[in-house]
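In case you want the letters, here they are:
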Amino acid sequence: MPLKGRTIHSKERNIINNVTKFCEDEARAGTLLFPLSHAQKRAASATGVSLRTIKQIKNEDISTNGQLSTPGKHLKRPETRNAILDNFDLCVLRNIVNEFYANNKIPSLSRLLPVVKGRINFPWKRGTLWKYLHTAGFQYKRCRNQRQILIERSHIVAWRFRFLREMKKFREAKRNIVYIDETWLDSNLSFWKCWRDEKIGAAIKDSSGHRLIVVHAGSESGFVPNAELIFKAGSGTGDYHGQMNSDNLKKWIVEKLLPNIPMNSIIVMDNAAYHTKVMDPVPTKSSKKDKMCAWLEKKQIPYDKKMRKVQLLELIAANASGEKNISWTKF
């Protein structure tokens, strides 16, 4: 293809430069560097590529009638680039792994692949399955007997099953389900880059500055009307002050959320520390002696008032059940 009239790219320019230097070298020498009968050697030396490359291009030219192509341009894309599993498929994948353990079977890629193909649309192979097992939260680790298995923490599995069963029951009963969550926003949350020189440019503060806490709730019909809460963290005044804690959350639920949702609604929240409150906490070694004594008296556990804190703590530890009385059901 003639190069006249079109842009010559850098690689082509390098080849042209090599050919020019080759011709100049022959001109200065006053003779041919390679005989005319050695055409491919002359081409390799002139262009700066190997003789093998020249031969490959020549063979391709003969076999394709001059239709040369770029090597590797039409390689087949890896199958994993086209693999897409949604959250439902990932949930099915997790259930399949858990079923293997429930049946006392060790899930391996070879065993899982045919089962997965039978449950969901999964036309890919072991490599893609390995990728999505990691996406689903599994890891390939050694167990106690040194055999390698896919593991997921059992209590997480139990929590998930319990949550899904409860949610299914509520949905079948047509209960209104409301989800609540909190987030925050720093006052300097803005851009990190700008066009600038040594003298002119924007600057941002290193400190987080003022922080706004945002609390809201929503359901399948959208955000709950009049339930939004935005307040400045650390403030000492206002109806909501300080940080987000159990007291502020309870106040928001009572004053803003409950009046704006139907009766008998289900409220779904995550396991943030301030979403639950221990109603009768067990004293710790940092508790005052009076608090330890009050706890023992409430539990009707006999003790001597002359006992030291370390002795009271041993008595408390011996009588504590280990269960926390956590409640958010009554407001």
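Residues numbered from 1 in each chain as written. Predicted model: local features only at pLDDT ≥ 70, side-chain atom pairs only at ≥ 80, totals over all residues. Heavy atoms only, no water.

Check the secondary structure of the chain and you find ten helices and seven strands. Counting over 331 residues, the chain shows a buried share of 24%. Considering only contacts in the chain between residues 6 or more positions apart, those separated by 24 or more positions represent 47%. As displayed, the chain offers around 25100 Å² of accessible surface, 54% of which is attributable to carbon and sulfur atoms. (Helix = DSSP H or I, 4+ residues; strand = E, 2+ residues; numbered from the N terminus. Buried < 20%, exposed > 50% of the residue type's maximum accessible area, 1.4 Å probe, protein only. Contact = heavy atoms within 4.5 Å. Areas by Shrake-Rupley, 256 points an atom, 1.4 Å probe, with all protein chains shown as cover.)

Moving on, we get to the pairing of strand E4 (residues 211-219). Moving residue by residue along a regular strand, the side chains alternate between the two faces of the sheet. For strand E3 (residues 177-186) and E4, the ladder comprises eight bridges, and the chain directions are antiparallel. Residue pairing across strands places Leu 185 opposite Leu 212, the latter belonging to E4. With four bridges connecting them, E4 and strand E6 (residues 229-232) associate as antiparallel partners. The residue of E6 that forms the bridge with Leu 212 is Lys 232. Bridge analysis of E4 against strand E5 (residues 222-223) gives two bridges, and the strand direction is antiparallel. Residue pairing across strands places Ser 219 opposite Gly 222, the latter belonging to E5. (Pairing = 2+ DSSP bridges.)

Every α-helix carries 3.6 residues per turn, so stepping three or four residues along brings you back to the same face. Residues of helix H6 (residues 126-135) that are buried: Thr 128, Leu 129, Tyr 132 and Leu 133. Down the axis of H6, the buried set is contained in an arc of 140°. They therefore lie on one face. Just downstream of H6 lies Gly 137, where phi reads positive at about 105°. (Arc of directions from axis to C-beta.)

The next thing to look at is the environment of Phe 100. As for its position among the elements, Phe 100 is in helix H4 (residues 87-102). Taking the relative accessible area as the measure of exposure, Phe 100 reaches 10% and is therefore buried. Placed twelve residues apart in sequence, Phe 100 and Leu 112 show a C-alpha to C-alpha distance of 8.8 Å.

Taken together, the side chains of Leu 185, Leu 212 and Ile 230 present a nonpolar region at the surface, about 260 Å² in accessible area. Within the secondary structure, Ile 230 sits in strand E6. (Patch = residues over 30% accessible without salt bridge, like charges linked within 9 Å, V, L, I, M, F, W, Y side chains within 5 Å. Salt bridge = Lys/Arg side-chain N within 4 Å of Asp/Glu carboxyl O.)

All right, on to the pattern of salt bridges then. Side chains that differ in sign of charge can pair as their charged atoms come close. For the structure shown, the criterion picks out five salt bridges. Where Glu 166 meets Lys 169, a salt bridge forms, and the shortest distance between an N and an O atom there is 3.2 Å. On the criterion of helical spacing, the pair formed by Glu 166 and Lys 169 is a turn pair, its members being three residues apart in helix H7 (residues 154-172).

Before going further, it helps to examine the nonpolar core. Core analysis: the biggest nonpolar cluster contains 19 residues, and Leu 85, Leu 93, Leu 112, Val 116, Phe 122, Leu 129 and Leu 133 have the highest contact counts within it. Listing elements by their share of this core, those giving two or more residues are H4, helix H5 (109-119) and H6. Looking at this core, the element that brings in the most residues is H4, giving six residues. Setting aside residues up to four positions removed in sequence, Val 116 forms contacts with Leu 93, Ile 96, Phe 122 and Leu 129. By size, the runner-up hydrophobic cluster in this structure holds 16 residues, among which are Ile 213, Ala 217, Ala 233 and Met 244. (Core = buried A, V, L, I, M, F, W, Y, C linked by side-chain atoms within 4.5 Å.)

Moving on, we come to the environment of Asn 87. Along the chain, Asn 87 turns up in helix H4. Sequence-wise, Asn 87 and Ala 136 are 49 residues apart; in three dimensions their C-alpha atoms are separated by 9.0 Å.

As a further point, take the pairing of E3. As paired strands, E3 and strand E7 (residues 266-268) are joined by three bridges and run parallel to one another. Bridge pairing in E7 places Val 178 opposite Ile 267.

On average, residues of the chain carry a pLDDT of 79, and 79% of them reach 70 or more. Here strand E2 (residues 148-151) stands out as the element of the chain with the lowest mean pLDDT, 54, in contrast to E5, whose mean of 94 is the highest. (pLDDT = per-residue confidence, 0-100.)

How two aromatic rings sit relative to each other is given by the distance of their centres and the angle of their planes. Across all of its chains, the model carries one aromatic pair by this definition. Relative to Trp 124, the ring of Phe 122 lies with its centre 5.1 Å away and its plane at 90°, an arrangement referred to as edge-to-face. Residue Phe 122 is classed as buried on the basis of its relative accessible area of 4%. (Phe/Tyr/Trp six-rings, centres within 6.5 Å; stacked < 30°, edge-to-face > 60°.)

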